[in-house]
Amino acid sequence: NWYTNRAKYIPVRLTLKERKSFRLIQAIMKSSDYTDLVDGTAFKSSQKRLQRQMQCITAALASIAVSLKYDIGSQLTETKEFYE
């Protein structure tokens, strides 16, 4: 697609805070083994697969929260309530 290829070379203007958050999320996504774990055929039931999906997603969200605001992130990892 021409638009997608062109977008690779057009710079996005981010603030310093946005750049730090962007790099953090990129690093978490690169280190995540979500697809290796969830897309495998090791799961015999869909409930176990769903449970593993939720574990991977909450781990990624918790790591982002802890690295951005430690006090909120530590509270989040203790309570595991993401709705706030």
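Structure first, text after, so check above.
K.L.:
Would you mind going over the packing of helix H4 (residues 46-68) against helix H5 (residues 70-79) with me for this structure?
P.N.:
When two helices pack together, you describe them by how their axes are tilted relative to each other and by the distance separating the axes. Contact pair H4 / H5: the axes reach a minimum separation of 5 Å and the direction vectors enclose 150°. As the angle between them shows, H4 and H5 are arranged roughly antiparallel. Pair H4 / H5 crosses with left-handed handedness. Contact residues: H4 offers Leu61, Ala62, Ala65, Val66 and Leu68, while H5 offers Tyr70, Gly73, Ser74, Leu76 and Thr77. Here the contact of H4 with H5 is built from residues that sort into seven nonpolar, three polar and no charged.

So, how was this worked out
Each chain has its residues counted from 1, running along the sequence as written. The predicted origin of the model limits local features to residues at a pLDDT of at least 70 and limits the giving and counting of side-chain atom pairs to 80 or more, whereas totals for whole chains, interfaces and linings rest on all residues. Hydrogens and water are ignored here; the side-chain numbers use all heavy atoms of the structure. Axis lines are fitted through C-alpha atoms, for helices just across the contact stretch, and the angle between N-to-C directions can take any value from 0 to 180 degrees. Numbered from the N terminus, helices here are DSSP runs of H or I no shorter than four residues, and strands are runs of E no shorter than two. Orientation categories follow fixed angle ranges, with anything under 35 degrees roughly parallel, anything over 145 roughly antiparallel, 65 to 115 roughly perpendicular, and all other angles oblique. Take the far helix as the reference: if the near one is turned anticlockwise from it by less than a right angle, the crossing is left-handed, and if turned clockwise, right-handed. We call two residues in contact when some of their heavy atoms are within 4.5 Å. Under this grouping Gly is polar, as are all residues other than the nonpolar Ala, Val, Leu, Ile, Met, Phe, Trp, Tyr, Cys and Pro and the charged Asp, Glu, Lys and Arg.

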